[in-house]
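Residue-level structural notes
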Amino acid sequence: MSNIKRIGVLTSGGDAPGMNAAVRAVARTAAYYNISCLGIRRGYNGLINGDIIDLDARSVNGIISRGGTMLYTARCPEFMTEDGLKKAASTCKYLGINGIVCIGGDGTFRGARDLASMGIPTIGVPATIDNDISSTQYSIGFDTACNTALDAVDKLRDTMQSHERCSVVEVMGRHAGHLALYVGIACGATAVLVPEQEMNFEEDIIEKIRMGRINKRSHFIIIVAEGVGNAIEVSRRIQEETGIDSRVTILGHIQRGGSPTARDRVMASRMGAYAVETLLAGKSNRVVCNVNSEITDFDITEALNMHKDINQQMYNISKMMAV
Ligand code: F6P
């Protein structure tokens with residue numbers, strides 16, 4: 001029998017659609033097991049400042065379909081200092097919090113690891129539209145962001161076709177190209193530029209556009225991951241070297257909002273519930289992961305040292321589809 005009576009939940013770092021669904025899953029699972037649940041607001045800041053709300057089963061009504069996070073989110077430089085960490089740990093002890101579910105990305109998990117080292121049990125839940133967390137094949141928010149970007153590119157395609165133009169679309173992803181690759185395949189892009197793969201600009205972009213023109217293609221879509229650098233420069237070169245009118249669209253934070261897809265809601269529900277059960281099983285310093293459709297958990301320190309690359313097979317497919 002677990003001696004856990006009260007847990008906390010926080011969201012930290014960049015928000016992702018489905019964070020609310022994960023908060024709801026944590027609160028409802030806690031209610032199911034008859035333990036109390038507190039919402040810690042504004043990430044780790046809430047632990048330092050005592051910015052805490054009660055989260056019973058009913059206080060998370062209706063949030064499964066809402067983007068953003070009802071707990072707010074923030075980065076917290078003070079938490080990275082010894083003093084900040086001590087303050088956070090003493091808030092947990094004062095409030096009788098026996099465990100915390102920390103929802104976010106790698107930065108959030110580093111915070112969870114540090115808190116665990118102070119004797120507060122922690123479990124991380126991966127949520128980021130970048131899908132760049134090495135230990136898990138899937139992070140909450142990725143599917144919604146892919147669909148948001150795809151919807152925007154489909155709209156761009158209409159006008160690009162009318163004007164026989166090239167559309168260069170920059171998508172988020174920080175240093176990773178997972179989002180760009182998925183969107184690129186899903187929208188049928190002429191080329192996808194990701195930071196993980198070197199590209200021969202002449203061969204992979206200019207030549208393809210020239211051949212496309214010869215084969216009567218009216219318009220072109222180029223997806224650029226933000227980690228590659230300058231989408232404006234890519235567009236300028238295309239226009240200069242092919243003579244085709246080119247326009248740049250930087251999708252930006254629109255990709256972080258919106259009602260989560262079914263996949264994100266279900267994944268958030270599974271991961272949130274799993275996190276609470278992991279705490280109840282007496283574990284700490286673990287991160288919840290999705291591996292081959294199963295939910296499992298890894299040691300946070302080990303997880304942070306793992307490496308995840310772009311899916312090479314998918315990258316090859318993106319090129320094959322653009323002949
Ligand atoms: O990690 C999510 C993400 O949206 C990245 O794709 C992007 O590089 C970054 O956050 C933007 O951060 P901010 O919201 O602080 O501008």
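In case you missed it, the structure is sitting above this.
In this report, the structure presented in the accompanying data block is examined. (Residues numbered from 1 in each chain as written. Predicted model: local features only at pLDDT ≥ 70, side-chain atom pairs only at ≥ 80, totals over all residues. Heavy atoms only, no water.)

**Digging into the packing of helix α7 (residues 201-214) against helix α8 (residues 231-242)**
- At their nearest, the axes of α7 and α8 sit 10 Å apart, and the two run at 55 degrees to each other. In terms of orientation, α7 lies oblique with respect to α8. Between α7 and α8 lies a crossing whose hand is right-handed. Residues F201, E202, I205, I206, I209 and R210 of α7 lie in contact with α8, whose contacting residues are V234, R237, I238, E241 and T242.
- When the residues that make up the contact of α7 with α8 are grouped by side-chain class, the tally is 6 nonpolar, 1 polar and 4 charged. (Axes fitted to C-alpha atoms, helices over the stretch in contact; angles between N-to-C directions. Helix = DSSP H or I, 4+ residues; strand = E, 2+ residues; numbered from the N terminus. Parallel < 35°, antiparallel > 145°, perpendicular 65-115°, else oblique. Left-handed = near helix turned anticlockwise from the far one by under 90°. Contact = heavy atoms within 4.5 Å. Nonpolar A, V, L, I, M, F, W, Y, C, P; charged D, E, K, R; others polar.)

**Concerning the sheet that holds strand β5 (residues 122-126)**
- Taken together, 7 strands build an open sheet; the order of strands is β3-β2-β1-β4-β5-β10-β11 and the sheet is mixed. Of all strands in the sheet, those bounded by a partner on one side alone are β3 (52-54) and β11 (294-299). On average, adjacent strands in this sheet sit at an angle of 30 degrees to one another, irrespective of strand direction.
- With 3 bridges connecting them, strand β2 (residues 36-40) and β3 associate as antiparallel partners. Bridged to I40 within β3 is I52.
- On the sheet, helix α9 (residues 262-280) packs against β1 (6-11), β4 (100-104), β5, β10 (286-291) and β11 and is oriented at approximately 45 degrees with respect to β11. (Pairing = 2+ DSSP bridges.)

**Notes on the layout of surface pockets**
- Looking at the largest pocket, its volume works out to about 870 Å³.
- Around the largest pocket sit 36 residues that line it, and G105, D106, G107, R110 and R174 are the ones nearest its centre.
- Per element, the largest residue contribution to the lining of the largest pocket is 6 residues, and it comes from helix α4 (residues 106-117).
- Class assignment of the residues belonging to the lining of the largest pocket gives a composition of 9 nonpolar, 14 polar and 13 charged. (1 Å grid on protein atoms, 1.4 Å probe; cavity = no way out; pocket = protein on both sides within 12 Å on 5 of 7 lines; lining within 4 Å. Points joined across faces, edges and corners; volume = space filled by probe spheres on them.)

**Considerations on the environment of G68**
- Structurally, G68 can be placed in the loop between β3 and α3 (82-95).
- Taking the relative accessible area as the measure of exposure, G68 reaches 17% and is therefore buried.
- Expressed as a C-alpha distance, the spacing of G68 and A16, which sit 52 residues apart in the sequence, is 6.3 Å.
- Those residues within four positions of G68 in sequence are excluded, and the remaining contacts are D15, A16, M19 and N20. (Buried < 20%, exposed > 50% of the residue type's maximum accessible area, 1.4 Å probe, protein only.)

**A word on the site of the ligand**
- Surrounding the ligand, one finds R75, T128, D130, M172, G173, R174, E226, H253 and R256.
- Within the contact set of the ligand, an oxygen atom lies 2.6 Å away from a side-chain nitrogen or oxygen of D130.
- Taking R256, its side chain carries an N or O atom lying 2.7 Å from an oxygen atom of the ligand.
- Look at the ligand: alone it shows 400 Å² of surface, and the protein chains cover 75% of it. (Near = heavy atom within 4 Å. Polar contact = N/O pair within 3.5 Å; in protein donor to acceptor, adjacent residues only side chain to side chain. Areas by Shrake-Rupley, 256 points an atom, 1.4 Å probe, with all protein chains shown as cover.)

**Some words on the nonpolar core**
- In terms of nonpolar packing, the biggest core is built from 60 residues, with I7, V9, V101, I103 and I223 touching the most fellow members.
- Two domains each donate at least three residues to this core, and these are domain 1 (6-141 + 260-304) and domain 2 (145-256).
- Core analysis: the next-biggest nonpolar cluster, separate from the first, contains 24 residues, L10, L47, L85 and A112 among them. (Core = buried A, V, L, I, M, F, W, Y, C linked by side-chain atoms within 4.5 Å. Domains from an automatic or database assignment.)

**Description of the sheet that holds strand β8 (residues 220-225)**
- Overall, parallel pairing links the 4 strands, which are arranged β7-β8-β6-β9 in an open sheet. At either margin of the open sheet sits one strand with a lone partner, and together these are β7 (191-193) and β9 (246-250). Neighbour-to-neighbour, the strand axes of this sheet turn through a mean angle of 20 degrees, independent of strand direction.
- As defined by bridge partners, strand β6 (residues 166-171) adjoins β8 across 6 bridges and the pair is classed as parallel. Of the residues in β8, the one forming a bridge with V169 is I223.
- Relative to β8, helix α6 (residues 178-187) is tilted by about 165 degrees, and along the sheet it contacts β6, β7 and β8.
- In the packing of α7 onto the sheet, contacts are made with β6, β7 and β8, and the angle to β8 comes to roughly 165 degrees.

**Quick notes on the environment of M267**
- The topology assignment puts M267 in helix α9.
- Given a relative accessible area of 7%, M267 falls into the buried group.
- Residues M267 and S293, 26 residues apart in the sequence, show an inter-C-alpha distance of 9.9 Å.
- In contact with M267, other than residues within four places in its own chain, are Y138, I140, N290 and I295.

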